[in-house]
Every structure is written in structure tokens, then in C-alpha cells.
Amino acid sequence: MSPSTSSSPPPSSVSSPCPTSSSMDHVSITASPTECCSNVLSSSAPTSLPTSTASPTNSMPPAHSLHTRSKSGISKPKQIFSLNTIIQEIEPSCFSQAVKSPKWQQAMADKFNALLANNTWVLVPFQPHMNLVGCKWVYRIKYNSAGSVERYKARLVAQGFHQQPGIDYHETFSPVVRATTIRIFLSLAVSFSWPIRQLDVKNAFLHGVLNEEVFIKQPPGFTHPDYPRHVCKLTKALYGLKQAPCAWFHRFSSFLMDHDFICSKSDTSMFIHRPSSGILILLLYVDDIILTGSDSSLLDHFISRLSRQFAMKDLGDLHYFLGVQAVRSSNGLHLSQQKYISDLLLKFHMHTCKPVRTPIASRTSLSIMDGELLSDPSEYRSMVGALQYLTMTHPDIAYAVNIVSQFMHAPRTTHLHCVKRIFRYLQGTITYGLFFHASSSTSFILAYSDADWAGCLDSRRSTTGFALFLGSNLISWRAKKQPTVSKSSTEAEYRAIAYTVAETSWIRNILHDIGLYLRNPVHVLCDNVISTYMSRNPVFHDRSKHIDVDFH
């Protein structure tokens, strides 16, 4: 353990005791008909039934000469009465429950020893001015694919709600990679036939170095026998601290910068390395990492260096990332969330529902006053929140999810029917997903833009929709209500064009950071002729001069 800054620190390497109690450049906007954009544990012993011996009576049939099991006193229960019960072990909810089990005692001891080996804290005397943060053990049982117990995992978590701003934490924000950046990354890797590797950091937050003074109580059951009144001064971050994600990101990004990686200015969770022999691109989502590059040997060399610095698990080729299943073939890469959809249908009791062909009925216009208020809106909010994450690979439900998301504050029966219709649509399209073509070009961006006009019955605001393709691969889409009321369909369409162009400009910057420069202008297709005229010849009159103020 590193020495404490306080006076006469006690050694903390003692073996643990047993547990006790908007730019418009390079954009060509063309009128075109709107096109569709979907490319888019158990073990159980046999149960023995008790056998009963009946005394013979005069009413019984006469004895026969056949030698049966019953005459020999042999009784064997029928298997149809032996019910196999799936028994799943219950995880303890507190330390007092876990300490009664030797396996959970061992799990806590292993974790405690790992924290000591990582120099996570030093013991210091308690002072009245210290803001003392509590801690607790959290228990999880990890199962393998066969359903049997793989291991018992105990994690020490700090109770960060006891922290005070400006005293033991300052910055808490930690960036995560955008979904569009992930799709651009995968599209490029497939188009150039680059390998895609997946990594996982073990105990990622424990690698973060703290800049603030944070004091926590000694872990329950592991109080030092010689210094029972001392507290732990943290030198590394713990799960539960408000600044733990931020500290981990700074620690990992600093390591990458020291190894000649460049952080993208458009997405700070993407890092690029350009050695003389090729290129490496790394995306970071908390402790999940995907990595690609032009040279397999370069990838292997960097992964080995990364593993020496951090406790890293190499998961091999990309197959399951952030709940998205990835299946690669010679033709390309297929992304789906089939398991996620199956779990959702089972969770909300929709796994036996009848499928429908569309996620929302045509000409559906919902109002905040339609139907009766739900007595318990928590299920509605849970369903819609789960659907929002599903739009990561399902652009076909983006508009429908946008509609039902507008009534989260006061959902009604009509709104719930629309949500259930989306689930019925998913029942019939559970295997649908995105496909990235291996032969796709990366030299042009094609965008489709559209908008309704005054589609919201309550606010009369319009909804913007766009879809962007890098070559033939769909990489970005959106359905979002506009922030202001448009006075005409032309204005609504023009706003949609402006949002689309802003997204294309950001994607061009991502490609520039990687080292790809588009030779062709970005083509934006719109089905409103007057909007295309305004974009080509921006001469504004009294009825449209506010557009100049808003967008130019």
C-alpha cells in the first residue's frame, strides 16, 4: 500500500480477517419523392413418493400365480409424478445475509484482497472535518450459458449520495460514444474488410485515479483489528462515487494519448492512431471497447500492450456489443437486437400476441386528452424507455416511438394501445435489423429529408425526419418534433433540411478525423419543391425573412 499523507499511518497490507458481523457547404439539395429508409438452474433430485401397504380384505380379487413387483415388495414411483422444479438461488440483499454463507464470505474476501492489491485506499485516523462516505457490499450470481452457476461475485460500492459538491467531488461528466459513430465505425470496417475486435475492462472504475480527497468507512466485515476507528482514504475510484466514470475516462484516455492516439474533436469517445503501417480506431463506451484497424498484427500488438496496463478481457471478434448482436459474413455485417426484443416481449407479457405489419396505424394523430388516465403509469414509461434503446438498430420504429414518448408525463389508455401495437409489430419482425454491405462505397453521403406539418394536435408543431446513407449503408436517422411552430409546410420542410445538413456536416467531420475526405458533395433529397428553391436561391421576403434569422 502507498503511504498515507497523515501522521503515523498504519500498514494496510495485513491479510484480511474473516468476515465478521450548421453549415451548407458542399451540399446539393434536390427535390425527390420520399423513399423508404429501412435496410434496415437449476438442478433437482428425483422426488420419491411414499409407498403405502394396504392390508388384504375380503373384497380384494383372488390371488393369482403371476410374480409381480407388488408381491415382492418393490415399489417405484411413476416418472410423470416427479416434477422438476427450477430453483434459482436468491442473491443476498445485505451483508448480514451474505455472511452466513461460506461462498459469499469467500467472494467478499477475494474482492477485498483485490482492492488491497490495487492500492485502492490507505487507512488514516478519522478527523471531524472529514465528509465520511458509507459503503456496502452488492452481490450478484453469474450464470453461464447452460444456466448453472459460474461464480459468486461481490462488489464493494460507495454510497455516493453522501458526497458533497466542491468537497469530495467536482466534475462528474463522462462522455460515451454516440450510436451514429458506432454505425460509421462498423460501416467503414466492413467496407474495407478490416477485423473488428471486442474488449472488456475488468473493474474499470477501480483504475481511475482520484484528484479529490474522499474518505469512506471500512468495508463491513473487514474492519482492521488494530485500527478499528480509522477510515479509508481513497486513492483510486470505487463504484458508486459520483466522479468514478469521469476518473476512469481520464485515466484511459491519458493512456491512449501517451501511445500516440488522437481524440476525435467530433466525438470525444473515438480515438485514432495512425502509425506508418496503417490505422487503428478505438471506440469507448464506459468499460466496453471495440477496436478495428487495417492490420491484424497491429491490432494484436496494441491489445497486448493494453492488457499489460489494465485488467483486460479479449472477447475476440465482435459478436455482442451493448445488447446488439453482430453476425459477420462474406457479404457484410448484420446487426440485430433479437435477444433484447425477446426479453422485452416476455417481460411485458406480449410474447404470445398476434403480430401486425406496421408499428403505427396510418394517419394516427394522438392528443394528450385521448382516453382515460392510466392508474399506474410506471409500466407505460418502462415500455417506452425500453423501446427508445431499440431504435439503435430499428429505424422502422423511430417515428412511432417518438410519438408515444411525448406522453410519458401523463399516459392514457389510447397511448398504451399504440405502445402495444409497436410490440405486436416487433413480434413479427424480431429478426429484423441493419445490414452493412461489404461492397459499399465510402465516397459519398446521401440524405433523405421530410417533415409533416402541424402534426401535433396539442402544440401544432411539426416533426422532422431524415435518414443518411454512407454509400449504401444506413448510418443515421431521426424522428424529432421541431422546437417551434412552422407557419407553412414549406417552412417545416426547410427546417428539416437544415437539421439534416447539420447532421451531414457532423458526419463529414467524423470522417475527416479518421482521414477520409469526401470528393463528392453531400446530396440531400427533399419532396418539397419550394424548399429546394429557397435553398438554391436564398432571397427572402416579408413572409420568409424569419427563416433567414433562424437558419442563416
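All residue numbers refer to positions counted from 1 along the written sequence of the respective chain. Thresholds applied to this predicted model are a pLDDT of at least 70 for local features of residues and 80 or more for the giving and counting of side-chain atom pairs; totals over whole chains, interfaces and linings are not thresholded and use all residues. As a rule here, side-chain values come from all non-hydrogen atoms in the structure, and water together with hydrogens is ignored.

**Quick word on the overall build of the protein**
- In this text, helices come from DSSP runs of H or I with a minimum length of four residues, and strands from runs of E with a minimum of two, each type numbered from the N-terminal end. In terms of helices and strands, the protein carries 12 helices and 21 strands.
- Residues counted as buried form 44% of the 552 residues belonging to the protein. Remark: exposure states derive from per-residue accessible area (1.4 Å probe, protein chains only) relative to the maximum for the residue type, with buried under 20%, exposed over 50%, and partly exposed in between.

**Looking at empty space enclosed by the protein**
- Cavities and pockets were defined on a 1 Å grid built from protein atoms only: a cavity is a group of points that admits a 1.4 Å probe but offers it no way out, a pocket is an open group of points flanked by protein on both sides within 12 Å along at least five of seven lines, and a lining residue is one with an atom within 4 Å of any such point. Grid points are joined across faces, edges and corners, and a volume is the space filled by probe spheres set on the points. In this structure, the largest cavity spans a volume of roughly 90 Å³.
- Ile 182, Arg 183, Leu 186, Leu 318, Phe 321, Val 324, Ala 326, Leu 335, Met 392 and Thr 393 together form the lining of the largest cavity.
- Counting only elements with at least two residues in the lining of the largest cavity, the list comes to helix H3 (179-191) and strand S15 (324-328).
- Considering each element in turn, the lining of the largest cavity owes the most residues, 3 residues, to H3.

**Re the layout of surface pockets**
- Of the pockets and cavities examined, the largest pocket occupies roughly 1,100 Å³.
- Looking at the largest pocket, it is lined by 29 residues, and the ones nearest its centre are Lys 142, Arg 151, Lys 153, Asp 200 and Lys 313.
- Counting only elements with at least two residues in the lining of the largest pocket, the list comes to helix H2 (102-117), strand S4 (135-143), strand S5 (149-158), strand S6 (196-201), strand S13 (312-317) and strand S14 (320-321).
- If one sorts the elements of the lining of the largest pocket by residue count, S5 sits on top with 6 residues.
- Polar here means any residue other than Ala, Val, Leu, Ile, Met, Phe, Trp, Tyr, Cys and Pro, which are nonpolar, and Asp, Glu, Lys and Arg, which are charged; Gly is therefore polar. Residue composition of the lining of the largest pocket, by class: 13 nonpolar, 3 polar and 13 charged.

**Concerning the pairing of strand S12 (residues 288-293)**
- Along S12, 5 of the 6 residues are buried, which leaves the element largely enclosed by surrounding structure.
- Pairing between strands requires that DSSP locate at least two bridges from one strand to the other. Pairing of S6 with S12 involves 5 bridges; the strand directions are antiparallel. Bridge pairing in S12 places Ile 196 opposite Thr 292.
- The pairing of strand S11 (residues 280-285) with S12 spans 6 bridges and is classified as antiparallel. Bridging across to S12, Leu 280 finds its partner in Gly 293.
- The turn linking S11 back onto S12 is made up of 2 residues, and Val 286 within it adopts a positive phi angle of 60°.

**A look at the nonpolar core**
- Buried Ala, Val, Leu, Ile, Met, Phe, Trp, Tyr and Cys residues form a nonpolar core when they are joined through side-chain atoms within 4.5 Å. Ranked by internal contacts, the top residues of the largest apolar core, which has 57 residues, are Leu 238, Phe 252 and Leu 282.
- In this structure Leu 282 touches Phe 252, Leu 256, Phe 261, Ser 269, Met 270, Phe 271, Ile 289, Ile 290, Leu 291 and Phe 302, once residues within four positions along its chain are discounted.
- In this structure, Ile 272, Ile 279, Leu 470 and Ile 510 belong to the second largest nonpolar core, which totals 51 residues. The contact criterion used throughout is that any non-hydrogen atoms of two residues lie within 4.5 Å.

**Digging into the pattern of salt bridges**
- For this analysis, a salt bridge means a side-chain nitrogen from Lys or Arg found within 4 Å of a carboxyl oxygen belonging to Asp or Glu. For the coordinates displayed, the defined rule picks out 8 salt bridges.
- Between Asp 343 and Lys 339 there is a salt bridge, and its shortest N-O distance comes to 3.1 Å. Remark: Lys 339 and Asp 343 occur in helix H6 (residues 338-347); sequence separation between them is 4 residues, near one turn of the helix.
- The partly exposed category is assigned to Asp 343, whose relative accessible area is 39%.
- The exposure class assigned to Lys 339 is partly exposed, which follows from its relative accessible area of 45%.
- For the salt bridge of Glu 503 with Arg 478, the shortest nitrogen-to-oxygen distance reads 3.6 Å. Here Glu 503 is found in helix H10 (residues 489-514), whereas its partner Arg 478 is found in strand S20 (residues 473-481), with 25 residues between them in sequence.
- Residues joined by salt bridges that share partners form a network here, namely Arg 178, Arg 478 and Glu 503.

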